[in-house]
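Structural description and commentary
Residues per chain are reported as follows:
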Amino acid sequence: MEKNGPLTMKDIAREFGISVATVSRALKDSPRISEERRKAIQAYAREHNFYPNAIGEALRHSRVMPQKIIGVIVPEFTHYYFSSILKGIEGAASARGYNIMVATSDEKYEREARICDTFHRYKVCGVIVSQAKDTRNYDHYQKLIDAGIPMVFYDRICTGVNASRVVVDDYMGAYNAVTHLIETGCQRIAFYGSPMQLEISKNRFNGYKDALLKHGMAIDESIVRLCDNRSDAEAITPEILTLDHRPDGFFAVNDDTAIGILYTCKRAGLRVPEDISICGFTNGQRAIACDPMLTTVEQRGHRVGEEAAEILMDKVEGLTPIDKVEKRIVRTRLIIRGTTK
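Residues numbered from 1 in each chain as written. Predicted model: local features only at pLDDT ≥ 70, side-chain atom pairs only at ≥ 80, totals over all residues. Heavy atoms only, no water.

1. With respect to the sheet that holds strand β5 (residues 164–168)
Defined as follows: Two strands are said to pair when DSSP picks up at least two bridges between them. Only runs of H or I of at least four residues qualify as helices and only runs of E of at least two qualify as strands under DSSP, and these elements are numbered from the N terminus. The convention used is that axes are lines fitted to C-alpha atoms, helices contributing only their stretch in contact, and that angles between N-to-C directions extend from 0 to 180 degrees. Contacts between residues were defined by any pair of non-hydrogen atoms, one from each residue, lying within 4.5 Å.
Across the sheet, six strands lie side by side as β2-β1-β3-β4-β5-β11; this open sheet has parallel pairing. Edge positions in the open sheet fall to β2 (98–104) and β11 (327–330), since each of these has one partner strand only. Across the sheet, the axes of successive neighbouring strands diverge by a mean angle of 20 degrees, strand direction being ignored. For strand β1 (residues 68–74) and strand β3 (residues 126–129), the ladder comprises four bridges, and the chain directions are parallel. The residue of β3 that forms the bridge with Val72 is Ile128. Sitting on the sheet, helix α7 (residues 139–146) touches β3 and β4 (151–154), and the angle it makes with β4 is about 145 degrees.

Here it is in structure tokens:
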């Protein structure tokens, strides 16, 4: 059966020469339908990526009008940056009459794939997502796109699918931060980053690397580490500080990691910034709650969320073609505080 849009129960009924009510019962595994017929209908539905509209079922006997719902996937709720993005998405969506359905992948591929499957079944009008750290298979994203559900990536984009995305200028943010460290006297700067399959990690590392090269400084792999959270920073940094030629500056992929470095240095009896300078990347509330306050790159998460929501809603409403790929970059700025000279 050739069909341009998403499959409906009416389409399945036509394919099998039965009523829509019979299709509905079969998909609910009703014993009123023979097992052979149930399995045939269910297999056909799976093959064509069809799921009953759970929201429609819930509202069928209700006087409440169905809402326009956007599915949002957040890697984790505890990170200030993601919560600020979520606030931006919700604000922009609410202004145009949309609600959001939010789920967290907890940085796990399997959970992320299940969430996408749930969003598909609940017939969300679009999905806004930041990729989990260990996601390397993108079939669950492509499945939504193939079903005609618009998708927008934010922060951690997926290069494996052709979809719109909103990111901050990770490269220039890192380049400017490391340049500041160099210009304030640092001669040996360590880099703590996220897994390199993530585009944000590549871009921030390239900004770090190019700032060093621009100033005639060599890249020392011994002080480039995979480390993107506070606990790992507190575990890794003591060994770095015992090197014969220890770093006099650190650039970290996020504020939590930078704060882990800060307190490890202080416990080691080093003065910040007199002995060691530290720069993070986020500018969340924790950046001003530490002592000294953290120099960091401001990501403007609220604006990222607004931009992602606007792109998605324009596609849903037909204001822009659903297959048009938009790439927007939100500028960063360096916030200089007490952890650098």
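What follows picks up the thread again.
2. A closer look at the environment of Thr118
Short version of the rule: For every residue, the accessible area (1.4 Å probe, protein chains only) is compared with the maximum for its type, and the residue is labelled buried under 20%, exposed over 50%, or partly exposed between those bounds.
You can see Thr118 is positioned in helix α6 (residues 109–121). Residue Thr118 is classed as partly exposed on the basis of its relative accessible area, which comes to 26%. For the pair Thr118 and Gly71, spaced 47 residues apart in sequence, the C-alpha separation works out to 9.5 Å.

3. So, the nonpolar core
Most often, soluble globular proteins keep nonpolar side chains buried together rather than apart. Under the convention used in this document: By convention a nonpolar core is built from buried Ala, Val, Leu, Ile, Met, Phe, Trp, Tyr and Cys residues, the set being connected through side-chain atoms within 4.5 Å.
Of all hydrophobic cores here, the largest spans 42 residues; its most connected members are Ile70, Ile128, Val178, Ile189, Tyr208, Phe251 and Val304. In terms of residues, this core owes the most to one element, helix α5 (residues 80–95), which gives seven residues. The contact partners of Phe251, leaving out residues within four places of it in the chain, are Ala174, Ala177, Val178, Leu181, Ile189, Ala190, Phe191, Tyr192, Arg204, Cys279, Gly280 and Phe281. Counting residues in hydrophobic clusters, the runner-up holds 22 residues, among them Ile240, Phe250, Cys265 and Val272.

4. Here we look at the pattern of salt bridges
Should the charged atoms of two oppositely charged side chains come close, the side chains can pair. Our working definition: The salt bridge definition used is simple: a Lys or Arg side-chain nitrogen within 4 Å of an Asp or Glu carboxyl oxygen.
Considering all chains together, one arrives at 24 salt bridges under this definition. With a shortest N-O distance of 2.8 Å, Arg230 and Glu234 are connected by a salt bridge. Residue Arg230 and its partner Glu234 are both found in helix α10 (residues 230–241); the two are separated by four residues, about one turn of the helix. Among the residues examined, Glu234 registers a relative accessible area of 26% and is labelled partly exposed. The shortest N-O distance in the salt bridge between Arg333 and Glu298 comes to 2.5 Å. Note that Arg333 is positioned in strand β12 (residues 333–335) and Glu298 in strand β10 (residues 295–298), a separation of 35 residues in sequence. Assessed through its relative accessible area of 17%, Glu298 is described here as buried.

5. Quick word on unusual backbone geometry
Between Val272 and the following residue, Pro273, the backbone shows a cis peptide bond with an omega angle of 15 degrees. Despite not being glycine, Asp29 has its phi angle at roughly 65 degrees, a positive value. Secondary-structure assignment places Asp29 in the loop between α2 (20–27) and α3 (35–47). The class for Asp29 is partly exposed, based on a relative accessible area of 46%.

6. Observations concerning the packing of aromatic side chains
To keep things clear, this is the line we draw: Only the six-membered ring of Trp is used, alongside the rings of Phe and Tyr, when aromatic pairs are assigned; centres must lie within 6.5 Å, and planes under 30 degrees apart are stacked while those over 60 apart are edge-to-face, with the rest tilted. Only lysine NZ and arginine CZ atoms are considered, and such an atom sits over a ring when it is within 6 Å of the ring centre and within 35 degrees of the ring normal.
Tallying each qualifying case throughout the model produces 12 aromatic pairs. With centroids separated by 6.2 Å and ring planes inclined at 20 degrees, the aromatic side chains of Tyr171 and Tyr175 adopt a geometry described as stacked. Note that Tyr171 and Tyr175 are positioned in helix α8 (residues 170–183) at a spacing of four residues, about one turn of the helix. What makes Tyr171 partly exposed here is its relative accessible area of 28%. Pairing Phe191 with Phe205 gives two aromatic rings, centres 5.3 Å apart and planes at 70 degrees, and the pair type is edge-to-face. Of this pair, Phe191 sits in strand β6 (residues 189–193) while Phe205 sits in helix α9 (residues 199–214), placing them 14 residues apart in sequence. Pair check on accessibility: Phe191 and Phe205 agree, each one buried. These aromatic residues form a ring-pair network of at least three members: Phe191, Phe205, Tyr208, Phe251 and Phe281. A cation sits over an aromatic face here: Lys68 above Tyr98, 4.3 Å from the ring centre.

7. Some remarks on the pairing of β5
Counted residue by residue, β5 has five buried out of five residues, so it is predominantly covered. Every second residue of β5 is oriented toward a common face, with Ser164, Val166 and Val168 on one face and Arg165 and Val167 on the other, all of them buried. Relative to β11, β5 runs parallel, the two being bridged by four bridges. Each bridged residue has a counterpart across the sheet, and for Val167 the counterpart in β11 is Ile329.

8. Brief notes about the packing of α6 against α7
So the rule is basically this: In this scheme, roughly parallel covers angles under 35 degrees and roughly antiparallel covers those over 145, while 65 to 115 is roughly perpendicular and the rest are oblique. Handedness of a helix crossing follows the sense of rotation of the near helix relative to the far helix, less than a right angle counterclockwise being left-handed and clockwise being right-handed.
In contact at an axis separation of 9 Å, α6 and α7 are set at 15 degrees when each is read in the N-to-C sense. Comparing the axis directions of α6 and α7 gives the class roughly parallel. Handedness of the crossing formed by α6 with α7: left-handed. Two secondary-structure elements touch here, α6 through Tyr109, Glu112, Ala113, Cys116, Asp117 and His120 and α7 through His140, Tyr141, Lys143 and Leu144.

9. Let's talk about the packing of α2 against α3
For the pair α2 and α3, interaxial distance at closest approach is 9 Å and the crossing angle is 90 degrees. One element, α2, and the other, α3, form an angle in the roughly perpendicular class. When α2 is examined against α3, the residues Val23, Ala26 and Leu27 are found in contact with a partner set consisting of Arg38, Ile41, Gln42 and Ala45.

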